[in-house]
Amino acid sequence: MTTAATVNVPDLIDQQKVGPFQIRILVLCAMAATLDGFAAQMIGYLAPSLARDMHLGPAALTRIFAWGLVGLMLGALFFGPVADRFGRKPVIVACTLFYGLICLATAKADSGASLAIFRFLAGLGFGGVMPNAIALTAEYAPHRRRGTMVTIMFCGFPIGASIAGFVTVPILPVFGWRGVFILAGVMPLLLAPVLALLLPESIRHLVIHGKENERVRHLLARINSQLVFGRDANFVVHEERSPGIPVVHLFLQGRAVPTILLWIVFFMSLIDIYLLTSWLPTVFHNAGITLSLAVIATAVFQGGGVVASLALGSFVDRFGAYRVLTFIYFLGAASVAVLGYSHSVASIMVCTFFAGAGVIGGQTGANALAASFYPTYIRSTGVGWALGIGRIGSIVGPVFGGIMLSLHWPLTNVFMAAAIPSLIGSGAIFLMGRTQNPVNANDVLGVATS
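Residues numbered from 1 in each chain as written. Predicted model: local features only at pLDDT ≥ 70, side-chain atom pairs only at ≥ 80, totals over all residues. Heavy atoms only, no water.

Caption draft 1: Here's a closer look at the overall build of the protein chain. A count of helices and strands for the protein chain gives 16 helices and two strands. Its C-alpha atoms give the protein chain a radius of gyration of 21 Å, near enough to 22 Å, the size a compact globule of 450 residues would have. Principal-axis analysis of the C-alpha atoms places the extent of the protein chain at approximately 70 × 45 × 35 Å. The proportion of buried residues among the 450 residues of the protein chain is 62%. Sequence-distant contacts, at least 24 apart, represent 84% of the contacts inside the protein chain between residues at least 6 apart. Accessible surface, the protein chain: about 16800 Å² in total, of which carbon and sulfur atoms supply 69%. Across the protein chain, the mean location of the 26 positive side-chain charges is 3 Å away from that of the 16 negative side-chain charges. (Helix = DSSP H or I, 4+ residues; strand = E, 2+ residues; numbered from the N terminus. Rg over C-alpha atoms; globule rule 2.2 N^0.38 Å. Buried < 20%, exposed > 50% of the residue type's maximum accessible area, 1.4 Å probe, protein only. Contact = heavy atoms within 4.5 Å. Areas by Shrake-Rupley, 256 points an atom, 1.4 Å probe, with all protein chains shown as cover. Lys, Arg positive; Asp, Glu negative; His and termini not counted. Charge placed at Lys NZ, Arg CZ, Asp CG, Glu CD.)

Here's what the structure looks like:
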């Protein structure tokens, strides 16, 4: 029996090894992220079929992409603060259930306008899942492993997006695009009760909001069976906590400049991710590649992001987020630019793989950075608003892609333009690291504690 008048919960978690309970949380959040990625990004793979069946041009497809991303933006902006107030778990479960129902309803869409409305509503659900899955994973991770755990968890998103590409190929000829939406709706409806049953609430959230000592004791015992405390134990989180509007606190205590730079990173990163994911199948198909190969090439883009994300966490924990992300975004910019000069299927596959590694891998690392940069009481708000601002970029990306295609830009110019956002993201990450003193810059994700 351990007796302690006051127990600092974050410090205690930082002293523990990553055990089965934390791995279960990571896996559950990764499953939620996988289905989120599948449902959110499958629309790009379906675009050629939708255009053919509903006689939609680039402008109409752009509106469908954009309204879905507006929903994503609003969902992230709204549900981050909601989760900081009411908890991560109920938001994750409710949003997963909601977008599953909307995806099923989308299978009945009969026009471009109805598709846009359904994608907007589904986007609200997509937007609420990811920031809270990131925050929940981070809050159960020891500091020295936080970057690794968050990046592994977030791999679920590009994995889901990649699976959507590979699954679309056999489903489209048999069931059409409606069959893909039905699958995208059924899976989250099956997952939601599993999350409700097995996913715990954030232990830090429980401590900060008080009156949950029994649940905190139980969760600590799940992390390590030797962590047994008496009923008189006082559980605390020694982090700043201030009243008022959570978003305002993103700009206090020296966080203003880093927050703005982080928003620039997310904005630029998501411009590239959604521009490429939305239009690559169409661009490659228009360039003469078969639809199946065009879809597979886009899935390879997501696959590169998965591979990079799996490797990225350990590098971030070892060398620090700022150095690693500055390089990875630069890699993404270079690979996207070279893609415009690739003519063979083999070179296209290689370039899309490394483009995904740089662009999606960078976004994965940026998520981990955001989750570690903000204190518990504004963590979901910080991650949610970064993603929400990024979603503005995700709207701009497909719109910009549609404009370039409508103007019949040469592919070399299209991909050179697509490389610029990732290059700007690399510079913003570098500057964000320079705004921190050397100790803090290293300590954000692991260097000082590895």
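Caption draft 2: Structural context of the environment of leucine 101. Inspection of the secondary structure assignment puts leucine 101 in helix α4 (residues 88-106). What makes leucine 101 partly exposed here is its relative accessible area of 46%. With 63 residues separating them in the primary sequence, leucine 101 and phenylalanine 38 have C-alpha atoms 15 Å apart.

Caption draft 3: Expanded view of the environment of isoleucine 203. Mapping isoleucine 203 onto the fold places it in helix α8 (residues 203-209). Using a relative accessible area of 0% as the deciding quantity, one classes isoleucine 203 as buried. Sequence separation between isoleucine 203 and glycine 125 is 78 residues; the distance between their C-alpha atoms is 24 Å. Beyond its immediate sequence surroundings of up to four residues, isoleucine 203 is in contact with Val9, Ile13, Glu139, Tyr140, Val216, Leu219 and Leu220.

Caption draft 4: Structural context of the state of the cysteines. Inspection of the entire model under this criterion finds zero disulfides. Cysteine 29 takes part in no disulfide bond, and the closest cysteine sulfur, belonging to cysteine 95, lies 13 Å away. With a relative accessible area of 2%, cysteine 29 lands in the buried category. Here cysteine 103 stays free of any disulfide, with the sulfur of cysteine 95 as its closest cysteine sulfur at 13 Å. (Disulfide = S-S within 2.5 Å.)

Caption draft 5: Region of the structure containing the nonpolar core. Formed by 149 residues in total, the largest nonpolar core has its most connected members in Ile134, Met153, Trp177, Leu220, Phe235 and Phe284. When residues in this core are grouped by element, the largest group, 19 residues, is from helix α2 (residues 20-54). Look past the residues within four positions of leucine 220 in its chain and what remains in contact with it is Val9, Leu12, Ile203, Leu227, Phe229 and Phe235. (Core = buried A, V, L, I, M, F, W, Y, C linked by side-chain atoms within 4.5 Å.)

Caption draft 6: Structural detail: the environment of proline 90. Along the chain, the position of proline 90 falls in helix α4. The exposure class assigned to proline 90 is partly exposed, which follows from its relative accessible area of 40%. In this structure, the C-alpha to C-alpha distance between proline 90 and isoleucine 389, residues 299 residues apart in sequence, is 23 Å.

Caption draft 7: Here's a closer look at the pattern of salt bridges. Applying the stated criterion across every chain, the model contains three salt bridges. In this structure, aspartate 53 and arginine 52 form a salt bridge, with 3.7 Å as the shortest nitrogen-oxygen distance. A salt bridge links glutamate 214 to arginine 217; its shortest N-O distance comes to 2.5 Å. Note that glutamate 214 and arginine 217 are positioned in helix α9 (residues 213-223) at a spacing of three residues, about one turn of the helix. With a relative accessible area of 44%, glutamate 214 lands in the partly exposed category. On the accessibility criterion, arginine 217 (11% relative accessible area) is buried. (Salt bridge = Lys/Arg side-chain N within 4 Å of Asp/Glu carboxyl O.)

Read these as layout, nothing more, since geometry by itself doesn't imply function.
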